[in-house]
Amino acid sequence: MTTTSPLAATAETTADPPTRLSRRDATPRRGRRHHLAVAGFLAPFLTVFAAFYLVPIGYAIYQSFLKVERDGTFGPARQVFAGLDQYATVVRSNDFWDSFVNVSQFFVLSIPLQLGFALVFALVLDSPFLRGASFFRLAFFAPYAVPGVIAALMWGFMYSPQLSPFPAVAERLDLLGPTWVMFAMVNVVNWVYTGYNMLILYSALQAVPAEVIEAATMDGAGQLRIAWSIKIPHILPALVLTGIFSIIGTLQLFNEPQVFRGISSAVSSKFSPNMVVYATSNVPDYHLAAAFSVVLALLTCVLSFLFLKLAQRRAFQ
Amino acid sequence: MSTAIEAAVETTPRPPGGGRARRPVRRQSLLEVLLPTGFMVLAALYFLLPLWWLVVASSRERTGSSGTGLWFDGPFRLFRNISDVLAHNDGIFVRWLANSFAYATFGALVGTLFASMAGYALAKYVFPGREAVFNIILAGVLVPATALALPLFLLASLVDATDSMWAVLLPSTVSPFGVYLCRIYAAAAVPDELLEAARLDGASEFRAFFTVSIRLMAPALVTVFLFQFVVVWNNFLLPLVMLQDNRLYPVTLGLATWNSQVTRVADIQLYVIVGALLSILPLVIAFLALQRFWRTGLSEGAVK
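All values derive from a computational prediction rather than experimental measurement. Numbering of residues starts from 1 in every chain and runs along the sequence as written. Chains and ligands are labelled by the order in which they are written, letters from A for the one and numbers from 1 for the other. For a predicted model such as this one, the threshold for reporting local features is a pLDDT of at least 70, and the threshold for listing and counting side-chain atom pairs is 80 or more; totals across whole chains, interfaces and linings nevertheless cover every residue. Values shown for side chains rest on all heavy atoms present in the structure; no hydrogens or waters enter the calculation.

Structural notes on the overall build of chain B
Looking only at helices and strands, one finds 13 helices and 0 strands in chain B. Reading chain B from its N end, one meets helices and strands in the order α-α-α-α-α-α-α-α-α-α-α-α-α. Here's how the labels work: a residue is buried when its accessible area is under 20% of the maximum for its type, exposed when over 50%, partly exposed in between, all with a 1.4 Å probe on protein chains only. Counting only residues that meet the buried cut, chain B has 54% of its 304 residues in that class. Restricting the contact set of chain B to residue pairs at least 6 apart, pairs at least 24 apart contribute 71%. Summing over all exposed atoms, chain B offers an accessible surface of approximately 13300 Å²; the carbon and sulfur share of this is 65%. The secondary structure listing takes helices from DSSP runs of H or I that are at least 4 residues long and strands from runs of E that are at least 2 residues long, numbered from the N terminus. Between two residues, a contact is recorded if the distance between any of their heavy atoms is within 4.5 Å. In this description, accessible areas are obtained by the Shrake-Rupley approach with a 1.4 Å probe, and a residue is regarded as covered only by the protein chains that are shown.

Shown next as structure tokens:
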């Protein structure tokens, strides 16, 4: 999973029409004489963005319309235009769609638990009854400092009966076997990201006006009632945001299953869509790999967008 | 110390008479305090025990050979193990750590500079195509890692640039999130009057930015730097695709490689455990030291 904070913008600008930004920029500089300055400010970022984002994407799309052809079995390879051939292969690829089934299961097992706990932790942190809130905030966030690969290695050791701190559990349940390995990976991802999501939600809670909470307290509302009726509705946009991060992160799952593949025979080299792309490029079949990644990018866009629309209809109307 | 309460108190308007905020003060019963605190203690065990286990396991003589509990048993060999890891294979591990630092620091520094300039221009100037440029930058987030890493590898092999530090350094400087955050922050934190004053004093637009605006944007810059640092530090796929020479590996890729040799090299499993501990310590410490900046930045990104 990756850090995908920029989505904040998508969530925000769509949830809250552009008026906000433009009102804040009420009196920006106008006039021709600043065009040079604007170009100067934008040029460095746009150069690297074009070189390392736009050009590779364009190149991937271009590659996906080609295929390798040989004269005879041992003839020299030539790249020829293939139209939609690669995409037809993508549509027929069981590996690719199976990997979507895998990450969908992963999503269902992981995200409700992860976001649910993140929300509960954030609310408890924000409640007046907790002692030592800053310690808990740090403790829960600390795993985010552990790179996904290293977290997977570490938990992988703890799952093995020889190294586990709870050998009785690890011996009884084959945590790296086919039944449990999905839960084992879900646990790694949740361990890393729950605190991160908690912090986003907790930050959002800080923006709930104290007056509103005070008024509710005066009216005799308990902490649970305040959380349910005031705090949660107030931070819905932040919850939607964490939901979109989770969709993108799960679809892009790579590091954790890639490590687990090495320690568990129950994880295939084509577990997640990104692993299918990687395995295909190792064949090597770059053209098909390119088509896979284009389809994956499009599906990611569509799913995030659908989720956003759905959430908006539920949350903001 | 409960920051949550502090924050709430701070934002409550103080009564005319001065003194404490007008928060209804009620005695809290023991149960009301114990229940949430006990729950959080259990959760903290879940988050912290694996890190503790890593310390204990790193101190064992040989993995698995002397107990598996959560407490030190047998001789305490942590420092001996650390020096073994640092010396293994001509000190390759130190190189990996240094590489990770180089990749993450360079990517975060340059990325933050570029993003701050772009975000500032998008916030403080009106020009044709401004929103279009902004939206294209934001769309960059939805692109899956492999969709970038693979074509980057192919393009880099066209110009014979794979298997070099630059192949990892340069793509790490792009932070679309940084542009977004800097735009929001600059719009709110840099007053137009101040820029006007700088211009009247004869400062060029660039001088105004580098002497005045960038200071006002400092909290956002720290956040962008930290985010980008973590993203690059965690990066696995790009170096995996780009690098063959293991002396160029970042520590994530290096440890994953060691782990794949477990069946062949004796003691390597212990080295992976100790290496994991060594590689996360700097980041955990940096997090603890800089955590208040994280909160500022996250609320900028998610709430505004």
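From this point, things continue past the structure.
Overview of helix H3 (residues 35–64) of chain A
Given a helix with a known number of residues, its expected span is that number minus one, times 1.5 Å. Taking 1.5 Å per residue, 30 residues should reach 44 Å; H3(A) reaches only 38 Å between its end C-alpha atoms and comes up short. The principal kink in H3(A), of about 45°, is found at A:Ala50. At any given residue, the bend is defined as the angle formed between two axes, one fitted to the seven residues that end at that position and one fitted to the seven that begin there.

A few points about the environment of B:Ala208
Residue and element names in this part refer to chain B. On the secondary structure map, alanine 208 appears in helix H9 (residues 205–216). Taking the C-alpha atoms as reference points, alanine 208 and leucine 194, separated by 14 residues in sequence, lie 9.1 Å from one another. In contact with alanine 208, other than residues within four places in its own chain, are Leu195, Ala198, Ala203 and Ser213.

Quick word on the interface of chain A and chain B
Contacts between chain A and chain B engage 112 residues on the former and 122 residues on the latter. Within this document, salt bridges are pairs made up of a side-chain nitrogen of Lys or Arg and a carboxyl oxygen of Asp or Glu, the two lying within 4 Å of each other. Counting across the chain A and chain B interface gives 0 salt bridges. The term polar contact refers here to a pair of N or O atoms within 3.5 Å; inside protein, the definition further demands a hydrogen-donor-capable atom paired with an acceptor-capable atom, and it admits residues adjacent in sequence only when both atoms are side-chain atoms. Across the contact surface, chain A and chain B share 5 residue pairs in polar contact (both at pLDDT 80 or more). Ranked by residues supplied to the side of chain A that touches chain B, first place goes to H3(A) with 20 residues. Only Asp, Glu, Lys and Arg are considered charged, only Ala, Val, Leu, Ile, Met, Phe, Trp, Tyr, Cys and Pro nonpolar, and every remaining residue, Gly among them, polar. Of the residues belonging to the side of chain A that touches chain B, the class tally is 76 nonpolar, 24 polar and 12 charged.

A look at the pattern of salt bridges
Tallied over the entire structure, the rule returns 10 salt bridges over all chains. For the salt bridge of A:Lys270 with A:Asp95, the shortest nitrogen-to-oxygen distance reads 3.0 Å. You can see A:Lys270 sitting in the loop between helix H13 (255–263) and helix H14 (273–282) and its partner A:Asp95 sitting in helix H5 (residues 94–126), a full 175 residues away along the chain. A salt bridge links B:Glu205 to B:Arg199, with the shortest nitrogen-to-oxygen separation between them at 2.4 Å. Across the pair, B:Arg199 and B:Glu205 agree in class, each one buried. Salt bridges sharing common partners tie together B:Arg130, B:Glu131 and B:Arg183.

Quick look at the packing of aromatic side chains
Only rings of Phe, Tyr and Trp enter the pairing, Trp through its six-membered ring, and a pair is recorded when the two centres are within 6.5 Å. The plane angle decides the type: under 30 degrees is stacked, over 60 is edge-to-face, the rest tilted. Applying the stated criterion across every chain yields a total of 46 aromatic pairs over all chains. A ring pair is formed by A:Phe41 and B:Tyr120, whose centres lie 5.3 Å apart and whose planes are at 80°; its orientation type is edge-to-face. With one member in each of two chains, A:Phe41 in helix H3 and B:Tyr120 in helix H3 (residues 78–124) form a pair that bridges those chains. In this structure B:Tyr120 comes out as buried when scored by relative accessible area, which is 0%. When the centroid spacing of 6.3 Å and the interplanar angle of 40° are considered together, the rings of A:Trp155 and B:Tyr46 count as tilted. With A:Trp155 in helix H7 (residues 148–159) and B:Tyr46 in helix H2 (residues 30–58), the pair connects residues from two separate chains. The exposure class of A:Trp155 is buried, given its relative accessible area of 10%. Here B:Tyr46 falls in the partly exposed class, since its relative accessible area comes to 31%. Taken together through their ring pairs, the aromatic side chains of A:Phe117, A:Phe121, A:Phe135, A:Phe136, A:Phe140, A:Trp155, A:Tyr159, A:Trp191, A:Phe260, B:Phe39, B:Tyr46 and B:Phe47 make up a single cluster. Sitting over a ring, as applied to charges here, requires NZ of Lys or CZ of Arg to be within 6 Å of the ring centre and within 35 degrees of the ring normal. When the ring centre of B:Phe134 is taken as reference, the NZ or CZ atom of B:Arg183 above it lies at 4.4 Å.

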